[in-house]
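Observations on the three-dimensional arrangement
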Amino acid sequence: FPSHDKKKVIATIVAVAVSLTVSATSSASADDRGGEKKISSILSGLVSNGTITQSQADAIVKAAQAAAELAKSAMKENRAKLDSIITSTLGISVDTLKTRLKAGESLATIAGDKKDALIAALIAELNKQIDDALSAGKITQTQATSLKGKTTERVNKMVSDVKGFGHSKGAKPNKASTTSFKAA
């Protein structure tokens, strides 16, 4: 490989590795290292065939892990903001909210006559999170516009549905939060 082609290959590998790790972190539990194993396997093959060095592979893994931790932290922060909005708008504690959700109530039922205020507050927060992601360069203007176009529908569904709080289909509940969708 000419030097500039090798740099392009390495840049592509880093981008894929980071994206796989962030994706795996977003959807996997803390003890599931499936995404990390996939990256290691891919990089091992590239080291074996001489495309990259072991040092470069190690640096890619380290960068991917750092990006995943950053993404995980941001997701937790955004979930905490949503939890705070829900509990403050409804005037209830997180424990009460979790108990009622686990009992099968929807947010709409729990909110009662505060449902419209809750929906408006959640839409505002999600749109703010989208704007923050755009300002930070994490998403494009096109992505931001698309996400914002779906915010009202997503919030209405989230508020009306009984399922979807703190767990994905078939997964154990996420103890960190009562909400389970991301804005960006």
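Residues numbered from 1 in each chain as written. Predicted model: local features only at pLDDT ≥ 70, side-chain atom pairs only at ≥ 80, totals over all residues. Heavy atoms only, no water.

1. Some points on the overall build of the protein chain
Operational definition: The numbering of helices and of strands both runs from the N terminus, where a helix is a DSSP run of H or I of at least 4 residues and a strand a run of E of at least 2. Only protein chains enter the accessibility calculation, which uses a 1.4 Å probe; a residue is then buried when its area is under 20% of its type maximum, exposed when over 50%, and partly exposed in between. Should any heavy atoms of two residues lie within 4.5 Å, those residues are counted as being in contact. Per-residue and other accessible areas were derived by the Shrake-Rupley procedure at a 1.4 Å probe size, with only the shown protein chains allowed to occlude residues.
Of regular secondary structure, the protein chain possesses seven helices and zero strands. Along its sequence from the N terminus, the protein chain presents helices and strands in the succession α-α-α-α-α-α-α. Residues counted as buried form 30% of the 184 residues belonging to the protein chain. Taking the contacts inside the protein chain whose residues are at least 6 apart along the sequence as the reference set, 62% of them involve residues at least 24 apart. When the accessible surface of the protein chain is summed, it comes to about 10,900 Å², and 56% of that surface belongs to carbon and sulfur atoms.

2. What about the pattern of salt bridges?
Applicable threshold: Counted as salt bridges are all cases of a side-chain nitrogen of Lys or Arg within 4 Å of a carboxyl oxygen of Asp or Glu.
With the rule as written, the count across this model stands at five salt bridges. The partner of D132 in a salt bridge is K128, with the nearest N and O atoms 2.9 Å apart. One end of the pair is D132 and the other is K128, both in helix α6 (residues 115–135) and four residues apart, which spans about a single turn. Since its relative accessible area comes to 41%, K128 is described here as partly exposed. Note that D131 and K148 form a salt bridge whose closest N and O atoms lie 2.5 Å from each other. Here the residue D131 occupies a position in helix α6, and K148 occupies one in helix α7 (residues 141–160), the gap between them amounting to 17 residues. Since its relative accessible area comes to 32%, D131 is described here as partly exposed.

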